[in-house]
Amino acid sequence: MTEKLLQYLWNYKVFKHFNFKDIEGNSVEIIHFGKWNKNAGPDFLDAKIKINGLLIAGNIELHVRSSDWIFHNHSHDPNYQNIILHVIFQHDIEINVLSDKNVPALELKNYIDENTLWKYERLVDNNQFIPCEGIFDKNKIPINFHEGNILKKLEEKSLELEQSLIQHKNNFEAVLFHSFAYSFGLKVNAPIFRQIAESIDYSIVNKIRQNPSQLEALLFGISGWLDSPKDNQMKTWKREFEFIKTKFNISDFTLHPKFLRLRPPNFPTIRLSQLADLYFQHQNLFSKIISARKADQIYEVFNPVTASKYWDTHFNFGTVSAFHPKTLSKDFIDLIILNTILPLQYAYHRYHNEEIADEIIIFYQSIPAEKNSVTQGWKKLGIRINNALESQSLIYHYKNSCENKSCLACGIGLKLLKE
């Protein structure tokens, strides 16, 4: 038993029966269980109980053992002066400060079904794909579960974007550039790519984007790759980088993207070159992205994007490979749509388009489901994943609930424990 579980059971009234009696044998009728307080102070506020014919209103505090009242130093805390009921799983000592005020103690040990405790132990004490794997039932997934998860994710991303907008003086185009850089970096280089993008004043990107070689040289130079040229193209990039540094007074600050454990098509050399080409090909990129309402409109923007000619026969500097143009795969474009474009559209439109949430949900449904270890784990549990709305929802839920074993804040866990 944990205090968190005890609060959960009290909040959702998961008991064998409600004929409560305090430790003195007096009947205790719970008129209102109170509002769950997850901030400082008593666990449940504005409760009402009836004992010995007397109706009492106030707050309720829960503990695993009654002695926890002492260990938590509540006796001298003014926040705990209006306690009307001390709810405990197990009564181990008398709390004089409460008994002197005639505050009843309610021991719950015999009111909780052992099967509920067994289920909870199975949830938190295993190393399976998800904590409830042993008792999981796909039919317990709540209605609108996926839509709810996606909206939570979009709200979280919106807060991040709003903070970035504040930092960059409400320049949506700059924030879009930073967000694209993050997506092009994928999991390994995402933070480094964002740092590279944020280290460049976006006005510089706008001024040199019509010369893709210069923008490429700028990204490569900040990555620290042009110090020792290995061929003529690298020498050209180095000259252009030195010119840009001088012209725009760019510092010597460098960052170093990683190659380790990456497949060659995802090497940072290729992805930065593709990012430069994206900004060369679309001078009005932000307006195209923000107005798109169908996936095909986004594919039209990204399908022509490719790394520069040098990379047709290279994956890294100075090492020749077989001819292979480095275009963007559809799966990669879909990742950009899901992780960058849709969150930015939501953040941009949320305050002046009441229907944007519904439009974004429909957009998610039009994208194929992702295939990764997390979605495969859900499929093994019998869940059919039809589109990106469902795959993104399940990935979000796994990362925010299952990995943290937040079973008591999970709609699925709630149903599994209650039934």
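Residues numbered from 1 in each chain as written. Predicted model: local features only at pLDDT ≥ 70, side-chain atom pairs only at ≥ 80, totals over all residues. Heavy atoms only, no water.

## Remarks on the pattern of salt bridges
- In this structure the tally under the stated criterion is seven salt bridges.
- The partner of R350 in a salt bridge is E155, with the nearest N and O atoms 2.4 Å apart. On the criterion of sequence distance, the pair formed by R350 in the loop between α14 (330–349) and α15 (356–365) and E155 in helix α5 (residues 145–167) is long-range, its members being 195 residues apart.
- Under the relative-accessibility criterion, E155 is labelled partly exposed at 30%.
- Residues participating in the shared-partner salt-bridge network are E155, E162 and R350. (Salt bridge = Lys/Arg side-chain N within 4 Å of Asp/Glu carboxyl O. Helix = DSSP H or I, 4+ residues; strand = E, 2+ residues; numbered from the N terminus. Buried < 20%, exposed > 50% of the residue type's maximum accessible area, 1.4 Å probe, protein only.)

## A few points about the packing of aromatic side chains
- Taken as a whole, this structure holds 34 aromatic pairs when the rule is applied.
- Summarising the aromatic geometry, the rings of W10 and F15 are spaced 6.0 Å apart at their centres and angled 70 degrees between planes, so their arrangement reads as edge-to-face. No difference in accessibility class separates W10 from F15, as the two residues are buried.
- Across from the ring centre of F33, 4.8 Å away, lies the NZ or CZ of K13, which sits over that ring.
- Over the ring of F332 we find R271, and its NZ or CZ is 3.9 Å from the ring centre. (Phe/Tyr/Trp six-rings, centres within 6.5 Å; stacked < 30°, edge-to-face > 60°. Lys NZ or Arg CZ within 6 Å of the ring centre and 35° of its normal.)

## Comments concerning the packing of helix α6 (residues 172–184) against α14
- The contact between α6 and α14 brings their axes to 10 Å, and the two run at 150 degrees. Here α6 is positioned roughly antiparallel relative to α14, judged by the angle of their axes. For the pair α6 and α14, the sense of crossing is right-handed. Facing α6, whose interface residues are F172, L176, S179, F180, S183 and F184, α14 presents F332, I336, N339, T340, I341, L344 and Y348. (Axes fitted to C-alpha atoms, helices over the stretch in contact; angles between N-to-C directions. Parallel < 35°, antiparallel > 145°, perpendicular 65-115°, else oblique. Left-handed = near helix turned anticlockwise from the far one by under 90°. Contact = heavy atoms within 4.5 Å.)

## Let's talk about α5
- Taking 1.5 Å of rise per residue, the 23 residues of α5 would be expected to cover 33 Å, and the 34 Å separating its terminal C-alpha atoms lies within 8% of that figure.
- Within the sequence span of α5, burial applies to F145, H146, N149, I150, K153, L154, S158, L161, S164 and L165.
- Immediately downstream of α5, the backbone of K169 shows phi near 55 degrees, a positive value. (Expected span 1.5 Å × (residues − 1).)

## Quick word on the pairing of strand β3 (residues 44–51)
- Note: strand β1 (residues 28–32) against β3, four bridges, orientation antiparallel. From the neighbouring strand, I30 faces β3, where its bridge partner is I49.
- In terms of strand pairing, β3 meets strand β4 (residues 54–65) through six bridges, oriented antiparallel. When the sheet's bridge partners are listed, K50 is paired in β4 with L55.
- Counting the residues that bridge the hairpin from β3 to β4 gives two residues, and of these N52 lies at a positive phi of roughly 55 degrees. (Pairing = 2+ DSSP bridges.)

## Observations regarding a nonpolar patch on the surface
- A surface patch of nonpolar side chains, about 300 Å² in accessible area, is lined by I70, F71 and I93.
- One can find F71 in helix α2 (residues 68–71). (Patch = residues over 30% accessible without salt bridge, like charges linked within 9 Å, V, L, I, M, F, W, Y side chains within 5 Å. Areas by Shrake-Rupley, 256 points an atom, 1.4 Å probe, with all protein chains shown as cover.)

## Considerations on the nonpolar core
- Formed by 79 residues in total, the largest nonpolar core has its most connected members in F180, L275, L278, Y279 and F302.
- Here this core takes ten residues from α14, the largest share from any one element.
- Sequence-distant contacts of L275, that is, excluding residues within four places in its chain, are made with F177, F180, A181, F184 and L219.
- Grouped together as the second largest cluster of nonpolar side chains are 29 residues, L6, F33, I60 and L117 included. (Core = buried A, V, L, I, M, F, W, Y, C linked by side-chain atoms within 4.5 Å.)

## Remarks on the side chain of H63
- The topology assignment puts H63 in strand β4.
- The buried category is assigned to H63, whose relative accessible area is 0%.
- For H63, the side chain forms a polar contact with the side chain of H74, separated by 3.3 Å.
- Not counting residues within four places of it along the chain, the set of residues in contact with H63 comprises E3, L6, D68, W69, H72, H74, H86, V87, I88 and F89. (Polar contact = N/O pair within 3.5 Å; in protein donor to acceptor, adjacent residues only side chain to side chain.)

## Notes on helix α10 (residues 232–248)
- An ideal rise of 1.5 Å per residue puts 24 Å on 17 residues; α10 measures up with 24 Å between its terminal C-alpha atoms.
- For α10, the secondary structure elements touched by its buried residues are α8 (202–208) and α9 (212–222).
- Looking one or two residues past α10, N249 carries a phi angle of roughly 55 degrees, positive in sign.

## A word on the side chain of R209
- Positionally, R209 belongs in the loop between α8 and α9.
- Of the side chains with opposite charge, E173 comes closest to the buried, unpaired R209, at an N-O distance of 4.4 Å.
- Among the polar contacts made by the side chain of R209, one reaches the side chain of N206 at a distance of 2.7 Å.
- Within the structure, R209 has its side chain in polar contact with the backbone oxygen of H282 (distance 2.6 Å).
- In this structure R209 touches E173, Y202, L215, Y279, F280, H282, Q283 and L285, once residues within four positions along its chain are discounted. (Lys, Arg positive; Asp, Glu negative; His and termini not counted.)

## Points about the state of the cysteines
- By the definition in use, this model includes zero disulfides.
- Looking at the unpaired C402, the closest cysteine sulfur is the one in C410, lying at 6.2 Å.
- What makes C402 buried here is its relative accessible area of 11%. (Disulfide = S-S within 2.5 Å.)

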